[in-house]
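Inside the fold
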Amino acid sequence: MKNYRNLFALSFLGIATILTSCEKQDTNDDNSSITATEERSVSQDMLNKIEALAFNPAGAYYDEFLLPDGSYQTRIIVEDDIALSEDYINTMQLNGGVQSEQYRTSNLVSDGNITVLGYDAGSNALSTANRTGLQFAVDNYNALNLDITMTLSFGSANFNDFDIVVYKNPVTEAEGGAGGSAGFPSNGRPNQFVQIYGLDNSSNNVNEHVIAHEIGHSIGFRHTDYFSRESCGQNTNEGTAGVGAIHIPGTPTGYDAGSLMLACFGSNEDGEFGEFDIVALNYLY
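Now for a look at the structure at hand. (Residues numbered from 1 in each chain as written. Predicted model: local features only at pLDDT ≥ 70, side-chain atom pairs only at ≥ 80, totals over all residues. Heavy atoms only, no water.)

Here we have three strands laid out as an open sheet, ordered β2-β3-β4, and antiparallel in their pairing. If you trace the sheet from one side to the other, it starts and ends with β2 (61-66) and β4 (82-84), each paired once. The mean inter-strand angle of the sheet, taken between neighbouring strand axes irrespective of direction, is 50°. Pairing analysis gives six bridges linking β2 to strand β3 (residues 72-78), with the strands arranged antiparallel. In the sheet register, Y62 faces β3, and the bridge partner there is I76. (Pairing = 2+ DSSP bridges. Helix = DSSP H or I, 4+ residues; strand = E, 2+ residues; numbered from the N terminus. Axes fitted to C-alpha atoms, helices over the stretch in contact; angles between N-to-C directions.)

Right, here's the structure in full:
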């Protein structure tokens, strides 16, 4: 994938403390590196549907999404780390979208028992730091005593039997940057595939933060600062200000600096939920 924000590549080297939890950094401006999938334009009809789901259609592009077994599926990438299939976009509730920390809609998880697999085979296997971060993240969700409970195991066989599979994307990792990508729930089930990359040399807490963030997307959360991307030093609205969304009581409508679901993250993250992350999770689940 090509990306235009070299700021994050610089920050990862210590020039700044902000990293992106939701995208990979572009380290090569040579257009010869763009794949055939990326060159395929997203149709205006599909862009309209993406916007109707309260996402920002600007910059949406096709990419081949790597699965744990090394196969690929075509996805449309929106808002840096959200990987959605055309079928998923076509079947989501238009003008409802998904919810952010301050907004909720019908796209949530209805089955309370979520099985999580930390993939540990081949080039997609999680590192020790990744595994520790995943364990911390699952423990944090379970510690809230929500109506959803996550059961974590590590392995590689029959990964399709699990609700959420967390694994490393070595292709994205080789291109530079650090972060992850995920999708959103459908039919009452969480998004299944969560990719992470570039985190082996980060602390356990940063791994915890990024993985918990991507699991947050998988159970239905938008970026807390989707309306501004202030955590990335920007002033860009990812969507249409929550079209059809319902405000979650007790959470702010403005910028929440303590949220784990901010669009970008720093090198000193503690991996813990912010105050209003907990309020939102308890309200929804």
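A few words now on the pattern of salt bridges. Under the counting rule described, the total for this entry stands at four salt bridges. Linking R189 and D163 is a salt bridge whose minimum nitrogen-to-oxygen distance equals 2.5 Å. Here the residue R189 occupies a position in the loop between β9 (179-181) and β10 (193-197), and D163 occupies one in the loop between β7 (149-155) and β8 (164-168), the gap between them amounting to 26 residues. For R189, a relative accessible area of 23% corresponds to the partly exposed category. In this structure D163 comes out as buried when scored by relative accessible area, which is 17%. (Salt bridge = Lys/Arg side-chain N within 4 Å of Asp/Glu carboxyl O. Buried < 20%, exposed > 50% of the residue type's maximum accessible area, 1.4 Å probe, protein only.)

Counting buried positions along β2 yields five of six residues, so the element is predominantly enclosed. Hairpin connection from β2 to β3: five residues lie between these consecutive antiparallel strands, with G70 at a positive phi of about 95°.

Pairing is mixed across the open sheet formed by five strands, whose spatial order is β7-β6-β8-β10-β9. On the outer flanks of this sheet lie β7 and β9, each paired with one strand and no other. Geometrically, the sheet is characterised by an average inter-axis angle of 20° between neighbouring strands, direction not taken into account. With respect to the sheet, helix α5 (residues 128-143) is in contact with β6 (113-119), β7, β8 and β10, its orientation differing from that of β7 by roughly 165°. (Contact = heavy atoms within 4.5 Å.)

Turning next to the side chain of S259. With respect to the element layout, S259 can be found in the loop between β11 (246-247) and β12 (264-266). Within the local environment of S259, its side chain forms a polar contact with the side chain of D277, the two groups lying 2.7 Å apart. (Polar contact = N/O pair within 3.5 Å; in protein donor to acceptor, adjacent residues only side chain to side chain.)

So, on to the nonpolar core. Ranked by size, the top nonpolar core spans 37 residues in total, and within it V116, L134, I219, L281 and Y285 carry the most contacts. Going through the elements one at a time, β6, α5, β7, β8, β10, α7 (204-218) and α8 (275-284) are the ones with two or more residues in this core. Per-element accounting of this core gives the leading share, five residues, to α7. V42, L53, F55 and V78 belong to the second-largest nonpolar core, a separate cluster that totals 16 residues. (Core = buried A, V, L, I, M, F, W, Y, C linked by side-chain atoms within 4.5 Å.)

A word on the side chain of N169. Tracing the backbone shows N169 in the loop between β8 and α6 (170-174). Of note is the side chain of N169, whose polar atom sits 3.0 Å from the backbone nitrogen of V171. Residues contacting N169, with those up to four places away along its chain left out, are L66, Q195, I196 and Y197.

Any functional reading would require information that these geometric values do not contain.
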